[in-house]
Every structure is written in C-alpha cells, then in structure tokens.
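Here is what each chain is made of, one letter per residue.
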Amino acid sequence: KAGVTQTPRYLIKTRGQQVTLSCSPISGHRSVSWYQQTPGQGLQFLFEYFSETQRNKGNFPGRFSGRQFSNSRSEMNVSTLELGDSALYLCASSTQGPGNSPLHFGNGTRLTVT
Amino acid sequence: AQSVTQPDIHITVSEGASLELRCNYSYGATPYLFWYVQSPGQGLQLLLKYFSGDTLVQGIKGFEAEFKRSQSSFNLRKPSVHWSDAAEYFCAVGPTVHNNDMRFGAGTRLTVKP
C-alpha cells in the first residue's frame, strides 16, 4: 500500500505571497490532518478533514485554510505569507481521525518564507 | 487542559546500551497513547500505541512502552540501542476533549555514540 504523499517537498516563497500544499492519503483513509512543525513550537495541529468536511481546527489564523476532495486528497493554503510561517508542514492520514487511530505521516513540505 | 511532557530534550546513549525515554501526560480520561519517531528530513513513523488492555505494549524496531496510570506515564524502552535509532522521538496522547486531535510532546532527540 502506498504511503502518504506530500508535494512539493520544498518551497521558497516571499512575504505576502500565497502557497498551496498537497497531500494524498493512504488509500481507504478518510481523515487527513495537517500539522505545522517548527523548532520553537514543536508539532502544532492545524486542522483535520474527514469525508470532505473540516471536522476540527487548531489555533491558527484564518490565513491558513484547507480542503478535501472526494478522493480524500487534501490541500492546504496559506495566504499572505509571513516570515513566521516558515516551517515543515506535515500531513497525516488515518482511518478515524487523530487521537482515535494512529496517524500515518507524509515526509512533509518544507516551506521557507523570505 | 490536556498536556504531554517529555522531560528530556536530548539524550545520548552508547550503542548497545539500554534506553528509556520518558513521557508524562495530564489527561482527564483514559487516553490513547502513542510513540512516534522522526528521522531527519522525514515525517513521523508510528512505533507503538496503547488503547487498552495489557499495559506493556510492543512496537516495531524492538521498542516497547509501559502504561502506568498511577504515574501518568508512558515511557518508551529498548534493551539495546542501535546506531540507526538516532532520531527524534515524540510521545502523543489523544483524543483531546475540545478538539478531536492528537497532542504531541516536545520531543526527545536521541544521539547514539559508537
């Protein structure tokens, strides 16, 4: 079974731009969660989608948004990028959602904002 | 509020020595507990999980963890460390009350000396 695939692996953007990250979950997994990982804040939960609906949201500003398609693939969008948005963005899929079932992570997208 | 504490930021052990990584949680209900490992430039990989039942759980790569409710701990152990075990280890607990998400500890970085 193929694992979780995140594209692209690396991104460099400038302040004020917007960016879209993509995540393809493991086949059969309906839950996709997004996390931001930084050295200072660790792993922080962004949001979770289940069957195309945002089910949970972390404590991030509205510049961070996402969506999920009918094939469970998910995209995350960050608008009006700030320097502090530089991070590793991890996507994880699971059968029932974070906390209730193990998460399977992709290798992440490393976003650098200059 | 739910929280996960990994008291050790960085641990160094010699190859072949035993390992114990500490994890304490603060949680109002019976938690689901997880240990993940992250190698540089990679996403997180599930080592083991505890949902219920036997409090000593076996995972991949020779790791095990013991759930101790009285101590609110879920420490990760390995009897003999290999150089390839050098990585960052994250303890996680879920689901949380307010969000159906998984809360991660800050991580413990393991260095293995030859």
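J.: Looking at this model, I keep getting lost on the overall build of chain A. Mind explaining?
T.: Secondary structure summary: chain A contains zero helices and eleven strands in total. The N-to-C order of helical and strand elements in chain A reads β-β-β-β-β-β-β-β-β-β-β. Computed over the C-alpha atoms, the radius of gyration of chain A is 13 Å, within 12% of the 13 Å expected from 2.2 N^0.38 for a compact globule of 114 residues. A buried classification covers 53% of the 114 residues belonging to chain A. Only carbon and sulfur atoms are counted for the fraction: they give 46% of the accessible area of chain A, which is about 5200 Å². Put simply, chain A has 11 plus and 5 minus side-chain charges, and the middle of one group is 5 Å from the middle of the other.

J.: Got a minute to help me understand the interface of chain A and chain B in this structure?
T.: It is common to give the size of an interface as the accessible area that goes away when the parts come together. With 21 residues of chain A in contact, the opposing surface of chain B contributes 19 residues. Each partner contributes to the roughly 1600 Å² buried at the junction of chain A and chain B, and carbon and sulfur atoms together form 53% of this total. The interface formed by chain A and chain B includes zero salt bridges. For the pair chain A and chain B, the number of links is four residue pairs in polar contact (both at pLDDT 80 or more). Looking at the side of chain A that touches chain B, the elements with two or more residues in it are strand S4 (31-38), strand S5 (42-50), strand S6 (53-57) and strand S9 (87-94) of chain A. Classifying every residue of the side of chain A that touches chain B by side-chain character gives nine nonpolar, eight polar and four charged.

J.: Any chance you could explain the state of the cysteines here in plain terms?
T.: Here is the idea: a disulfide is a covalent bond, and it sits between the sulfur atoms of two cysteines. Residues and elements named next belong to chain B. Inspection of the entire model under this criterion finds two disulfides over all chains. For Cys23, the disulfide goes to Cys91, at an S-S distance of 1.9 Å. Across the S-S bond linking Cys23 and Cys91, the dihedral sits near -60°, which makes this disulfide left-handed. Within this pair, whereas Cys23 is found in the loop between strand S3 (19-21) and strand S4 (24-26), its partner Cys91 is found in strand S10 (residues 87-94), the two being separated by 68 residues in sequence.

J.: Please clarify how the side chain of B:Asp85 should be interpreted in this entry.
T.: Residues and elements named next belong to chain B. Structurally, Asp85 can be placed in the loop between strand S9 (73-78) and S10. Overall, the relative accessible area of 4% leaves Asp85 in the buried class. Not counting residues up to four positions away in its chain, the partners in contact with Asp85 are Phe63, Lys78, Leu110 and Val112.

J.: Please explain the nonpolar core as it appears in this structure.
T.: Inside soluble globular proteins, nonpolar side chains tend to come together where they are buried. Counting 27 residues, the largest nonpolar core has B:Leu19, B:Trp35, B:Leu47, B:Leu48, B:Phe74, B:Leu76 and B:Tyr89 as the members making the most contacts within it. When contributions to this core are tallied by element, the ones reaching two or more residues are strand S2 (10-14), S3, strand S5 (32-38), strand S6 (44-50), strand S8 (64-68), S9, S10 and strand S12 (108-113) of chain B. Broken down by element, the residue count for this core peaks at four residues, all from S10(B). Membership of the second largest hydrophobic core comes to 21 residues, among which are A:Trp34, A:Phe60, A:Met76 and A:Leu81.

Calculation rules
Residues numbered from 1 in each chain as written. Chains lettered and ligands numbered in written order. Predicted model: local features only at pLDDT ≥ 70, side-chain atom pairs only at ≥ 80, totals over all residues. Heavy atoms only, no water. Helix = DSSP H or I, 4+ residues; strand = E, 2+ residues; numbered from the N terminus. Rg over C-alpha atoms; globule rule 2.2 N^0.38 Å. Buried < 20%, exposed > 50% of the residue type's maximum accessible area, 1.4 Å probe, protein only. Areas by Shrake-Rupley, 256 points an atom, 1.4 Å probe, with all protein chains shown as cover. Lys, Arg positive; Asp, Glu negative; His and termini not counted. Charge placed at Lys NZ, Arg CZ, Asp CG, Glu CD. Contact = heavy atoms within 4.5 Å. Buried area = accessible area lost by both parts, 1.4 Å probe. Salt bridge = Lys/Arg side-chain N within 4 Å of Asp/Glu carboxyl O. Polar contact = N/O pair within 3.5 Å; in protein donor to acceptor, adjacent residues only side chain to side chain. Nonpolar A, V, L, I, M, F, W, Y, C, P; charged D, E, K, R; others polar. Disulfide = S-S within 2.5 Å. Core = buried A, V, L, I, M, F, W, Y, C linked by side-chain atoms within 4.5 Å.

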